[in-house]
Each structure stands twice: as structure tokens, then as C-alpha cells.
Amino acid sequence: ILNVEQSPQSLHVQEGDSTNFTCSFPSSNFYALHWYRWETAKSPEALFVMTLNGDEKKKGRISATLNTKEGYSYLYIKGSQPEDSATYLCAFSSISSGSARQLTFGSGTQLTVLP
Amino acid sequence: DAGVTQSPTHLIKTRGQQVTLRCSPKSGHDTVSWYQQALGQGPQFIFQYYEEEERQRGNFPDRFSGHQFPNYSSELNVNALLLGDSALYLCASSLSGGRQPQHFGDGTRLSIL
């Protein structure tokens, strides 16, 4: 059973603050690490798929880094806005996850940005 | 370009009944995965369909079964419903290969009384 941990569970920040959260995953047999944003009453939206150690990806004010050797990824949000309020999920797949490379999700970090 | 659509949106069933949930993938996608999301947890992988075959299955009992049609749409069937089956069921479509982002539908909220 693969264990994917996200921290913190929840976070409240003021508008304009920068913030970051962590996703920890097994450091062996790495295949891919996905990040999703899930706003209330909407469907999860793909942010990044990260595949190489040292990967850095950016989408507007959101960026992510990947360290496969130590088994963690950070998601950063610069200058948080109320519309960034959502649950941020990471999902890990390993080489041994079968032919479908099934995703194992963490429980998410719930971000609330206060105006 | 329509995204992933799921039906119905909500469903209420009683213990022992059977249910069928439906999913139409995003145009151009050939792979459909189903997830169960219980309150406070991340989505849990049920199974994935590709080329009308179940390619991989998560840790779910045989009461959970599925199907993929030639047009890539998919169904999730659950027999002999238990109270613990109450959850949000998400469908996600993608291109084949685990390094492709998955596109999710809005989910079906299933409540078992």
C-alpha cells in the first residue's frame, strides 16, 4: 500500500500572502506526481504532472517542485487571492502501480484565502 | 469542447440495491478511471478502462464492476449496496499513459439509506 501524505491539512492565509504546501510520497519506483486543484462544487482540475527529479513547473502564480530522491513535492502560491481557495490534491504513481499506473491520492490541503 | 460528463448528479438508494453510474469522457480521450471519494479523504482508485477492457483494479470488492463502450463512455455498477458505499464517485478521462493529466467530471453523489 502506497502512502501519500499532504501537509498541512488546512491553511488560512490573508489575501496577498504567499504560501506553500507539501506532498510526501515513497521515494522508490517513482513514475509521476500529479497536482490537482479542487474548488467547492466543481470538478478537480489538473495543475501539473511532474516526472523528473528536479522538475519545476509554473502556471501563473502557482509553481511546483519535485524531489524524487527524498520523496517530496512542494506547491507554492505567490500572492494568494480569494479565488485560490480550494483543496489542493497530489497524486503519486509508481512503476509498480500496474499497467494503468494508478494514482494514489493524498487527503489534500484545504486552502482558504481571506480577503 | 465538452469535458467529462457524469450522470446522475445525485442518487439515493437503500441497502441491497444495485446502482449504475455513467461517464462520458472528454473528446479525444480513450481511457476512463473511476474513483470513490469519502468525506475527508482523497479519491481512491476503483478501476481503469482502456480499449473496452478493465486494465487495472484497485482494492475494491467484486460488487464493483464496470464497462467501457466502443465510444469510450463508461459505466460503474455497484451491487448489493452497503451503507459504506455512500460517497462521491468521480470519473476521470485521459489519454493512455500514466503521465497524462486526468480530466475529472463533477461526480455522482451516492447516498445509501
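Refer to the preceding data block for the structure.
As the structure is a prediction and not an experimental result, all values here were calculated from the model. (Residues numbered from 1 in each chain as written. Chains lettered and ligands numbered in written order. Predicted model: local features only at pLDDT ≥ 70, side-chain atom pairs only at ≥ 80, totals over all residues. Heavy atoms only, no water.)

## Some remarks on the overall build of chain A
Working step 1: A count of helices and strands for chain A gives zero helices and eleven strands.
Working step 2: In sequence order, the secondary structure elements of chain A are arranged as β-β-β-β-β-β-β-β-β-β-β.
Working step 3: Here the C-alpha atoms of chain A give a radius of gyration of 14 Å, agreeing with the 13 Å that 2.2 N^0.38 yields for 115 residues.
Working step 4: Judged by the C-alpha coordinates and their principal axes, chain A covers about 45 × 30 × 20 Å.
Working step 5: A total of 115 residues make up chain A; the buried ones form 49% of that total.
Working step 6: Per element, the accessible surface of chain A, about 5500 Å² overall, is 45% carbon and sulfur. (Helix = DSSP H or I, 4+ residues; strand = E, 2+ residues; numbered from the N terminus. Rg over C-alpha atoms; globule rule 2.2 N^0.38 Å. Buried < 20%, exposed > 50% of the residue type's maximum accessible area, 1.4 Å probe, protein only. Areas by Shrake-Rupley, 256 points an atom, 1.4 Å probe, with all protein chains shown as cover.)

## Quick word on the pattern of salt bridges
All names here are of chain A.
Working step 1: Applying the stated criterion across every chain yields a total of seven salt bridges over all chains.
Working step 2: One salt bridge connects Glu39 with Lys42, and the closest N-O pair in it is separated by 3.9 Å.
Working step 3: Given the relative accessible area of 22%, Glu39 is considered partly exposed.
Working step 4: One salt bridge connects Arg61 with Asp84, and the closest N-O pair in it is separated by 2.8 Å. (Salt bridge = Lys/Arg side-chain N within 4 Å of Asp/Glu carboxyl O.)

## Some thoughts on the environment of Val78(B)
Residue and element names in this part refer to chain B.
Working step 1: Tracing the sequence through the fold places Val78 in strand β8 (residues 74–78).
Working step 2: The sequence separation of Val78 and Leu95 amounts to 17 residues, and the corresponding C-alpha distance is 26 Å.
Working step 3: Those residues in contact with Val78 that lie beyond four places of it in its chain are Gln17, Gln18, Val19, Arg63, Phe64 and Asp85. (Contact = heavy atoms within 4.5 Å.)

## Points about the sheet that holds strand β3 (residues 19–24) of chain A
What links the strands of a sheet is backbone hydrogen bonding, and the strands pair in either a parallel or an antiparallel sense.
Residues and elements named next belong to chain A.
Working step 1: Strand order in the open sheet made by the five strands is β1-β3-β8-β7-β6, with antiparallel pairing throughout. Each of the sheet's edge strands pairs with one partner strand only, and the pair in question is β1 (5–7) and β6 (56–59). The sheet shows a mean angle of 15 degrees between the axes of neighbouring strands, direction not considered.
Working step 2: The pairing of β6 with strand β7 (residues 62–67) spans four bridges and is classified as antiparallel. Within β7, the residue paired with Glu56 across the bridge is Thr65. (Pairing = 2+ DSSP bridges. Axes fitted to C-alpha atoms, helices over the stretch in contact; angles between N-to-C directions.)

## Some words on the interface of chain A and chain B
Working step 1: Taken together, the contacts link 23 residues of chain A with 22 residues of chain B.
Working step 2: Summed over both partners, the interface of chain A with chain B comes to about 1800 Å²; 58% of that surface belongs to carbon and sulfur atoms.
Working step 3: By the criterion of area lost to chain B, the three top residues of chain A are Trp38(A), Ala100(A) and Phe105(A), representing 26% of everything that side buries.
Working step 4: Counting across the chain A and chain B interface gives zero salt bridges. (Buried area = accessible area lost by both parts, 1.4 Å probe.)

## A word on the nonpolar core
Working step 1: Counting 23 residues, the largest nonpolar core has Leu33(A), Trp35(A), Phe48(A), Leu75(A), Tyr88(A) and Leu111(A) as its most contacted members.
Working step 2: By residue number, the principal contributor to this core is strand β9 (residues 86–94) of chain A, which donates four residues.
Working step 3: Judged by nonpolar contacts, the second largest core, of 20 residues, contains Leu21(B), Val32(B), Phe60(B) and Ile112(B). (Core = buried A, V, L, I, M, F, W, Y, C linked by side-chain atoms within 4.5 Å.)

## Topic: the pairing of strand β4 (residues 31–37) of chain B
Each regular strand displays side chains that alternate between the two surfaces of the sheet.
Residues and elements named next belong to chain B.
Working step 1: The element β4 is largely enclosed, with a buried count of seven among its seven residues.
Working step 2: The antiparallel hairpin formed by β4 and strand β5 (residues 44–50) contains six residues in its connecting segment, where Gly40 sits at a positive phi of about 80 degrees.
Working step 3: As paired elements, β4 and strand β9 (residues 87–94) share seven bridges and run antiparallel to each other. Its bridge partner lying in β9, Trp34 is registered against Cys91.

## Looking at the state of the cysteines
Working step 1: Overall, the coordinates contain two disulfides over all chains when judged by the stated rule.
Working step 2: The disulfide partner of Cys23(A) is Cys90(A), and the S-S distance across this bridge is 2.0 Å. A torsion of 75 degrees about the S-S bond marks the disulfide between Cys23(A) and Cys90(A) as right-handed. Of this pair, Cys23(A) sits in strand β3 while Cys90(A) sits in strand β9, and the two are 67 residues apart along the sequence. The same class applies to Cys23(A) and to Cys90(A), which are both buried.
Working step 3: The side chain of Cys23(B) participates in a disulfide bridge whose partner is Cys91(B); the two sulfur atoms lie 1.8 Å from each other. In this structure, the disulfide formed by Cys23(B) and Cys91(B) twists by about -60 degrees around the S-S bond and is classed as left-handed. Highlighted residues: Cys23(B) in strand β3 (residues 19–24) and Cys91(B) in strand β9, separated in sequence by 68 residues. (Disulfide = S-S within 2.5 Å.)

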